[in-house]
Amino acid sequence: MADALTGGCLCGGVRFELTEPPTIAGYCHCTRCQRRTGTAAAASARIVPGSLRLLSGEELVRTFRPPDGWPKSFCSVCGSALWSEHPDDAELKSIRLGAFDEDPGIRPSYRQFVAYAAPWEPIPDDGLPRFPESRTA
Ligand SMILES: [Zn+2]
Ligand SMILES: [Zn+2]
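Residues numbered from 1 in each chain as written. Chains lettered and ligands numbered in written order. Predicted model: local features only at pLDDT ≥ 70, side-chain atom pairs only at ≥ 80, totals over all residues. Heavy atoms only, no water.

Novice: Account for the layout of surface pockets, naming residues and giving values.
Specialist: A probe matching the size of a water molecule, rolled over the atoms, marks out where space remains unfilled. Taken as a whole, the largest pocket holds about 550 Å³ of empty space. If you go around the largest pocket, you meet 25 residues; those closest to its centre are Cys-28, Trp-70, Lys-72, Gln-112 and Phe-113. Mapped onto the lining of the largest pocket, the elements with two or more residues apiece are strand S3 (24–28), helix H1 (31–37), strand S4 (42–46), strand S9 (89–96) and strand S10 (108–112). With 4 residues, H1 is the largest single contributor of residues to the lining of the largest pocket. Class assignment of the residues belonging to the lining of the largest pocket gives a composition of 9 nonpolar, 9 polar and 7 charged. (1 Å grid on protein atoms, 1.4 Å probe; cavity = no way out; pocket = protein on both sides within 12 Å on 5 of 7 lines; lining within 4 Å. Points joined across faces, edges and corners; volume = space filled by probe spheres on them. Helix = DSSP H or I, 4+ residues; strand = E, 2+ residues; numbered from the N terminus. Nonpolar A, V, L, I, M, F, W, Y, C, P; charged D, E, K, R; others polar.)

Right, here's the structure in full:
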């Protein structure tokens with residue numbers, strides 16, 4: 001990769017870089033993501049484990065740990081969604097696509113939890129495979 005992919009939160013306190021390109025990206029329509037983001041779906045990109053490097057603001061990052069599913073990290077100052085991490089392997093993360101400074105290169109290739117999609121926003125007819133529950137279930 002020529003230049004490291006960089007990103008951060010809205011207030012600029014948290015800054016990070018990826019040392020390797022993300023591997024896969026997709027939209028999640030689950031109820032939790034709707035609540036978490038205030039939107040109909042969340043776009044995230046899975047990273048190569050260990051490829052996320054925090055450049056600043058580590059002390060600002062807070063993590064919400066639901067009883068099941070992936071813990072979700074955000075900036076405690078501005079509330080920006082940053083990433084989620086695998087419950088058993090914190091190095092395996094999914095970065096929120098909106099957190100990147102530039103085009104991360106990767107494009108969402110699936111939609112998951114569409115069974116719970118928001119009634120007020122039709123799922124775009126973009127040809128992406130749709131999974132009623134988790135893509136990996
Ligand atoms: Zn912030
Ligand atoms: Zn979700």
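Novice: Could you give an account of unusual backbone geometry, with specific residues and numbers?
Specialist: Positive phi, normally seen in glycine, also occurs at Phe-113, with a value near 55°. Position of Phe-113 among the secondary structure elements: in the loop between S10 and strand S11 (130–131).

Novice: Account for the coordination of the zinc ion (ligand 1), naming residues and giving values.
Specialist: Ideal donor angles around a metal are set by the shape: a four-donor tetrahedron calls for 109.5 degrees, a six-donor octahedron for 90 or 180 degrees. Taken together, Cys-9 (SG), Cys-11 (SG), Cys-75 (SG) and Cys-78 (SG) make up the full set of protein donors to the zinc ion (ligand 1), lying 2.3 to 2.4 Å away. Between the 4 donor atoms coordinating the zinc ion (ligand 1), the angles at the centre fall across 103 to 116°, so the site counts as tetrahedral. Linear spacing of the donor residues for the zinc ion (ligand 1) on their chain is C-x1-C-x63-C-x2-C. For Cys-9, a relative accessible area of 10% gives the class buried. Using a relative accessible area of 40% as the deciding quantity, one classes Cys-11 as partly exposed. (Donors = N, O, S within 2.8 Å, 3.2 Å for Na, K, Ca; no water. Tetrahedral: all angles 85-135°; square planar, octahedral: opposite > 155°, others 65-115°. Buried < 20%, exposed > 50% of the residue type's maximum accessible area, 1.4 Å probe, protein only.)

Novice: Lay out the pairing of S9 with the relevant residues and their values.
Specialist: Each regular strand carries side chains that alternate between the two faces of the sheet. Pairing between S4 and S9: 3 bridges, direction antiparallel. Bridging across to S9, Ala-45 finds its partner in Ile-95. The sheet contact formed by strand S8 (residues 81–86) and S9 spans 4 bridges and is antiparallel. Directly across from Glu-85, in S9, lies its bridge partner Lys-93. Once S8 ends, the chain turns through 2 residues before running back antiparallel as S9. (Pairing = 2+ DSSP bridges.)

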